[in-house]
Amino acid sequence: MNTSYFAHYRGQDGVAITAYKPPFFKGDWYPALAPSKDLLARYKAGTVDDEGYTTEFTKYLATLDVEAIWRDLGDKVLLCYESPEKFCHRHLVAVWIRDSLGKKIDEI
């Protein structure tokens with residue numbers, strides 16, 4: 001498993017982990033790894049900062065079955081919108097999987 005973003009990645013094994021699947025993206029969509037639309041709206045409005053977002057999203061991830069997700073997506077590239085230097089939930093997902101399963105996930 002690796003991570004990347006829509007504007008950069010052109011492979012065939014990408015899967016969107018976004019709240020909304022972009023219309024231009026023809027690959028798979030795995031909304032279970034997306035932030036809630038409510039969290040996303042509050043973040044965009046500035047009522048939750050990076051730290052609050054991280055706390056809330058990490059609590060959400062803890063409710064998921066990381067092993068099942070690894071089985072579902074282990075050879076995929078997790079995609080969202082943000083470039084690598086920006087705060088992004090896909091990096092939180094990568095850390096969660098790494099910490100839970102000891103799997104290395106690279107940004108490509």
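This section reports on the structure supplied with the text.

As for the packing of helix α3 (residues 66-73) against helix α4 (residues 89-101)
And step 1. Look at α3 against α4: their axes get within 10 Å of each other, and the N-to-C directions meet at 115°. With respect to α4, the element α3 is oriented roughly perpendicular. The crossing of α3 and α4 is left-handed. Facing α3, whose interface residues are Val66, Glu67, Ile69 and Trp70, α4 presents Trp96, Ile97, Ser100 and Leu101.

Digging into the environment of Leu64
And step 1. Within the secondary structure layout, Leu64 lies in the loop between α2 (50-61) and α3.
And step 2. A C-alpha to C-alpha distance of 11 Å links Leu64 and Val93, two positions 29 residues apart in sequence.

Side note on the layout of surface pockets
And step 1. Taken as a whole, the largest pocket holds about 290 Å³ of empty space.
And step 2. Taken together, 14 residues make up the lining of the largest pocket; nearest its centre are Leu40, Lys44, Tyr81, Glu82 and His89.
And step 3. At three residues, helix α1 (residues 37-45) tops the list of elements feeding residues into the lining of the largest pocket.
And step 4. Looking at the lining of the largest pocket, its residues break down into ten nonpolar, two polar and two charged.
And step 5. A volume near 160 Å³ is recorded for the second largest pocket.
And step 6. Considering only residue class, the lining of the second largest pocket consists of five nonpolar, four polar and one charged.

As for the nonpolar core
And step 1. Grouped together as the largest cluster of nonpolar side chains are 20 residues, with contacts concentrated most on Leu33, Leu73, Leu78, Val93 and Trp96.
And step 2. Top element by residues in this core is α4. It accounts for five residues.
And step 3. If we ignore the near neighbours within four places in the chain, the residues touching Val93 are Ile17, Leu33, Phe57, Leu61 and Leu78.
And step 4. Ranked by size, the runner-up nonpolar core spans six residues in total, among them Phe6, Tyr9, Val77 and Leu79.

A word on the pairing of strand β1 (residues 2-5)
And step 1. Pairing of β1 with strand β4 (residues 77-80) involves four bridges; the strand directions are parallel. Residue pairing for β4: Tyr5 is matched across the bridge by Cys80.
And step 2. Pairing of β1 with strand β5 (residues 106-107), which is carried by two bridges, proceeds in the parallel orientation. Across the sheet, residue Thr3 finds its bridge partner in β5, namely Glu107.

Looking at the pattern of salt bridges
And step 1. Overall, the coordinates contain six salt bridges when judged by the stated rule.
And step 2. Its salt-bridge partner being Arg42, residue Glu56 comes within 2.5 Å of it at the nearest N-O pair. One end of the pair, Glu56, is in helix α2; the other, Arg42, is in helix α1, and 14 residues separate them in sequence.
And step 3. For Arg42, a relative accessible area of 25% corresponds to the partly exposed category.
And step 4. Of the charged contacts in the structure, one is a salt bridge between Arg90 and Glu107, with a shortest N-O distance of 2.8 Å. Within this pair, whereas Arg90 is found in helix α4, its partner Glu107 is found in strand β5, the two being separated by 17 residues in sequence.
And step 5. Residue classification places Arg90 among the buried positions, given a relative accessible area of 0%.
And step 6. Through salt bridges that share partners, Asp38, Arg42 and Glu56 make up one connected network.

About the cut-offs
- Residues numbered from 1 in each chain as written.
- Predicted model: local features only at pLDDT ≥ 70, side-chain atom pairs only at ≥ 80, totals over all residues.
- Heavy atoms only, no water.
- Axes fitted to C-alpha atoms, helices over the stretch in contact; angles between N-to-C directions.
- Helix = DSSP H or I, 4+ residues; strand = E, 2+ residues; numbered from the N terminus.
- Parallel < 35°, antiparallel > 145°, perpendicular 65-115°, else oblique.
- Left-handed = near helix turned anticlockwise from the far one by under 90°.
- Contact = heavy atoms within 4.5 Å.
- 1 Å grid on protein atoms, 1.4 Å probe; cavity = no way out; pocket = protein on both sides within 12 Å on 5 of 7 lines; lining within 4 Å.
- Points joined across faces, edges and corners; volume = space filled by probe spheres on them.
- Nonpolar A, V, L, I, M, F, W, Y, C, P; charged D, E, K, R; others polar.
- Core = buried A, V, L, I, M, F, W, Y, C linked by side-chain atoms within 4.5 Å.
- Buried < 20%, exposed > 50% of the residue type's maximum accessible area, 1.4 Å probe, protein only.
- Pairing = 2+ DSSP bridges.
- Salt bridge = Lys/Arg side-chain N within 4 Å of Asp/Glu carboxyl O.

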